[in-house]
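Take a look at the letters that make up each chain.
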Amino acid sequence: MAKADIDVKYVAELARLELPPERFAAVERDLASIVDYIAELNEVDVTGVEPTAHAAALSNVWREDAATDSGLRDAMLKNAPALVNGCLVKVAKVLPGEESN
Amino acid sequence: MADTLDRKTVHELAAGLAEKRWSSVEIVKDCLDAVRTRDKEIHAFLKFDADDALREAALSDERRAAGKALSAYDGIPVGIKDNIAVRDTTVSCASKLLENVVSPYDATAVAKLRARGFIPFGRLNMDEFAMGSSCENSAFGRTMNPRDTSRVPGGSSGGSAAAVAADLVPAALGSDTGGSIRQPAAFCGVVGLKPTYGRVSRFGLVAFASSLDQIGPLAKDVIDAGIILDTVSGKDEKDSTCLPLDPASSSAAAMEGAERRALDGLVFGMPKEYFSGPLAPGVAKIMEQTVAQIRSMGGKIVDVSLPHTKYAVAVYYIIATAEASANLARFDAVRYGRRIDGADLVDTYFKSRGAGFGQEVIRRILLGTYVLSSGYYDAYYLKAQKVRTLIRRDFAEAYKQCDLLLTPVTPAPAFKFGEKSDPLQMYLSDIFTIALNLSGQCGISVPAGTDEATGMPVGVQFLAPELEENRLLRAAAAFEAVRG
C-alpha cells in the first residue's frame, strides 16, 4: 500500500501546535500508518448514502432568547493566567501598534 | 480494610444507611482510608478533598436523622472522572494544559447526583482528554490494574474502573467515546454502562468527540449501574443534544431481572464478524460459557451480521479525531490553562498547546486537522460519515432478528504496560466497542469470568437498540445473578 504523504509541519501550523522539528519524522510515520489504514474506506461503495453527523435525531432545539446571569464571572476569571485591572483577561498584542495594558 | 466498602454495592450501602448499620461519615471515612492506603499502588485517584467529603457526609447524616434524606442513596460517595466538572474542583482531563483549572460549576450529571444526596468524591485518573485505552496517556502517571499491577486498567476511564474494582468507592462516573467505560470495566472486572447517546447531559463533560461522547456509570453490579443511570439521565436545557426525556427507570428493570434470573425467550444476536478475527483463547472460552448460560436461562442465540464492522475503527478514528481537533482548538491558554508566553498571541497559542498537550493528544489533533484540511475533507470526513450511516443501518437490520446483541468487549484481557506501543495496534484493540458509539445505542460490559492464562477478568458485552436500557439492564442483571 502506498504510504500516505503528510506534511506534518503544515498540519501542525493549521492546528496551532508547536512541534519540535526532531519529532516531525516520528509523528509523520505514526500518522501515515493510521492514514494508510483508514484508506480502506475507499473500497466501500457509498453511492446515494446520506452522511450521519450525529446519533441523536434532534433538530432545531429552541429556547427562549432570554439573557440570564450565570453568576460565575469572578470564578471564571480566577482561572485566567493574567488579568488587567482584576476584571479583564490579559492577552498579548493582536494587532501591531496596539497598546497593551 | 474498609468495612462499609468491601465489595458492597450502592444498594447494599443504601440499605445499611436506612437500617442505621452505618452512617455516611463512616462510609466516607472508609473511602478516605482506602484511598490513603491501597490507592498508593493503584493510583486511581489524581486527588481528593477529605474535608469537603466529610463535610458533605456530615450534612447527609443530619438530613437523614431529621427524616429529610434526599433519596435512599443520600450520603453515598461516587468517584468522578477528571473530565467531568465538579464545582470548585480542578477539571484537568489528566492534562498538563489544564492542571490547575478549577471548575466554577457542576456538570449536570454531578448536579443530579447531588440532588439525590450522592457525594461527588475525588478526581479519577484517565487517559489525557479521554484519548487512550490504557490510562498510560495520563500526564500525571498511570493507573495500575488492581487485579495485577503490571497490567493496564484499560482506558480511558481507567481510574474509574480501578477505583470501583479496588473497593475505593462504591461506584464512579466515566465517559465513553469509543469504549472508554466498557473496556476498562471489562479489564478490571466491574460493570460499565454506555447509555444511549443523549440519555445523559454532556454539560460539564469536557468534549472529546461531541457526537460520540456519553457519560455513564462504572459499578459493582448491574443494579447499581441502573441506579446511577436513573440519577444522572434526563433532559437538560444546557445540552441541546440531550434528549427531551424523563430520567431513566432502569434500576427497577435491573432489580426485576436479578430477581427473575431468567431470560424468557429473549433473542441474543451474535454478529459473526466479531468472531472472524483473533480472539484470545480465554475470551473465546468465556463467550462459549456465556452462550451456554444464556441458553440454560431460556434465552435464544442467533447468528446475525454487521457487514461493515471491519470499517468501524477507520470511521471512528476519522470522526473522533476530526471532532477532537475542533473541540480542542478552544484550549488556547488565554482565558484558562497553563500559558507559555510567546513572541505574540499566535506564538503563545503554539507554545502553550505544543507544551501542554501530550503525545497522543497531539497525534489525534494532527490527524483530525489533516482529515478536515482542504482537499481531504470529502475523501476522509464526508466518506466516514457516510460509512457511519451504513454501520447504523447494520445495527437496525440486526435488531430485526434479535432483541439484544452479545459480543466480547475486547479481543483479549488486560495487557501489560508498554505492550501496545504502536498507536494503530492500540486503536485496533477497541474493535468491539467503537461501533456502538457510531450507532449511538446503548451497551453494557458485565464481568463473565476469569481468563485462565492470565488470571485477569473477562467481560461480555450486551448491546440494545436506542433507549432500550430497561431491556438491556433486565437481561444483564439476570445474567449476572445466575453467573454469581
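The rules we used
- Sequence positions are assigned chain by chain, starting from 1 and proceeding in written order.
- Here the convention is simple: chains get letters from A, ligands get numbers from 1, in the order in which they are written.
- Local features in this predicted model are restricted to residues of pLDDT 70 or higher, and side-chain atom pairs are both shown and tallied only at a pLDDT of 80 or more, whereas totals for entire chains, interfaces and linings draw on every residue.
- Hydrogen atoms and water are omitted, and side-chain values are computed over all heavy atoms in the structure.
- A helix here means a DSSP run of H or I that spans at least four residues, while a strand means a run of E at least two residues long, and both kinds are numbered starting from the N terminus.
- Only the C-alpha atoms count toward the radius of gyration. The rule for a globule is 2.2 Å times the residue count to the power 0.38.
- Relative accessible area decides the class of each residue, using a 1.4 Å probe on protein chains only: under 20% of the type maximum gives buried, over 50% gives exposed, and in between gives partly exposed.
- A contact between two residues is defined here by any heavy atoms of the two lying within 4.5 Å.
- Only the protein chains shown count as cover for residues, and all accessible areas are computed by the Shrake-Rupley method using a 1.4 Å probe.
- Between 30 and 60 degrees the pair is tilted, below 30 it is stacked and above 60 it is edge-to-face, where a pair is any two Phe, Tyr or Trp rings, Trp via its six-membered ring, whose centres lie within 6.5 Å.
- Fitted lines through C-alpha atoms serve as axes, helices being fitted only where they are in contact, and the angles separating the N-to-C directions of these axes extend from 0 to 180 degrees.
- Angles are sorted into four bins: roughly parallel if under 35 degrees, roughly antiparallel if over 145, roughly perpendicular if 65 to 115, and oblique for all others.
- For any pair of crossing helices, the crossing counts as left-handed if the nearer helix is rotated counterclockwise from the farther one by less than a right angle, and right-handed if it is rotated clockwise.
- Just so you know the grouping, Ala, Val, Leu, Ile, Met, Phe, Trp, Tyr, Cys and Pro go in nonpolar, Asp, Glu, Lys and Arg go in charged, and all remaining residues, Gly too, go in polar.
- Between any two strands, at least two bridges found by DSSP are needed for them to pair.
- A helix's residues, less one, multiplied by 1.5 Å, set its expected span.
- Whenever a nitrogen or oxygen atom comes within 3.5 Å of another N or O atom, the pair is scored as a polar contact, on the condition that within protein one atom can donate a hydrogen and the other can accept it, and that pairs from neighbouring residues in sequence are kept only if both atoms are in side chains.

A. Summary view of the overall build of chain B. Along chain B, the regular secondary structure elements total 17 helices and 13 strands. Computed over C-alpha atoms, the radius of gyration of chain B comes to 21 Å, within 12% of the 23 Å expected from 2.2 N^0.38 for 484 residues, which places it in the range of a compact globule. With respect to the three principal axes, the spread of C-alpha positions in chain B is 65 × 55 × 45 Å. Put simply, chain B has 484 residues, and 65% of those count as buried. In chain B, the proportion of contacts linking residues at least 24 apart, taken out of those at least 6 apart, comes to 75%. By element, 49% of the accessible surface of chain B is carried by carbon and sulfur atoms, the whole surface being about 16000 Å².

B. Local environment of the packing of aromatic side chains. All names here are of chain B. Within this structure, the stated rule accounts for 17 aromatic pairs over all chains. Relative to F331, the ring of F129 has its centre 5.2 Å away and its plane inclined at 40 degrees; by these criteria the two rings are tilted. Within this pair, whereas F129 is found in the loop between β5 (119-124) and α6 (158-165), its partner F331 is found in the loop between α11 (312-327) and α12 (345-356), the two being separated by 202 residues in sequence. Neither F129 nor F331 differs from the other in exposure class; each is buried. Both rings, one in F129 and one in F357, keep their centres 5.7 Å apart while their planes meet at 70 degrees; by these two values the pair is edge-to-face. Of this pair, F129 sits in the loop between β5 and α6 while F357 sits in the loop between α12 and α13 (359-372), placing them 228 residues apart in sequence.

C. Examining the packing of helix α8 (residues 222-232) of chain B against helix α9 (residues 250-260) of chain B more closely. Residues and elements named next belong to chain B. Running from N to C, α8 and α9 cross one another at 165 degrees; their axes reach a closest spacing of 7 Å. Judged by the angle between their axes, α8 and α9 are roughly antiparallel. As α8 runs across α9, the sense of the crossing is left-handed. For the pair α8 and α9, contact is made by V222, I223, G226, I227, L229 and D230 and by S250, S251, A254, M255 and A258, respectively. Here the contact of α8 with α9 is built from residues that sort into 7 nonpolar, 3 polar and 1 charged.

D. View of the pairing of strand β13 (residues 457-464) of chain B. Residue and element names in this part refer to chain B. Most of β13 sits inside the fold, with 8 of its 8 residues counted as buried. The pairing of strand β11 (residues 404-408) with β13 spans 4 bridges and is antiparallel. Bridged to T407 within β13 is Q461. Where strand β12 (residues 442-450) lies against β13, 8 bridges are found, and the strand directions are antiparallel. Residue pairing across strands places S445 opposite Q461, the latter belonging to β13. Hairpin connection between β12 and β13: a loop of 6 residues separates the two successive antiparallel strands, and G455 in this loop has a positive phi of roughly 75 degrees.

E. The arrangement of α6(B) in detail. Residue and element names in this part refer to chain B. With respect to burial, α6 is a largely interior element, 8 of its 8 residues being buried. Among the residues of α6, G158, G159, S160, A161, A162, A163, V164 and A165 are the ones counted as buried. Just beyond α6, the residue with positive phi is D167, at close to 60 degrees.

F. Region of interest: α12(B). Residues and elements named next belong to chain B. The terminal C-alpha atoms of α12, which comprises 12 residues, lie 16 Å apart, in line with the 16 Å expected from a rise of 1.5 Å per residue. A large share of α12 lies buried, amounting to 9 of its 12 residues. Considered for burial, the residues of α12 that qualify are L345, D347, T348, Y349, F350, S352, R353, G354 and G356. Between a side-chain oxygen at the N-terminus of α12 and the backbone nitrogen of V346 the separation is 3.3 Å; the capping residue is D344.

By themselves, these figures tell us nothing about what the structure is for.
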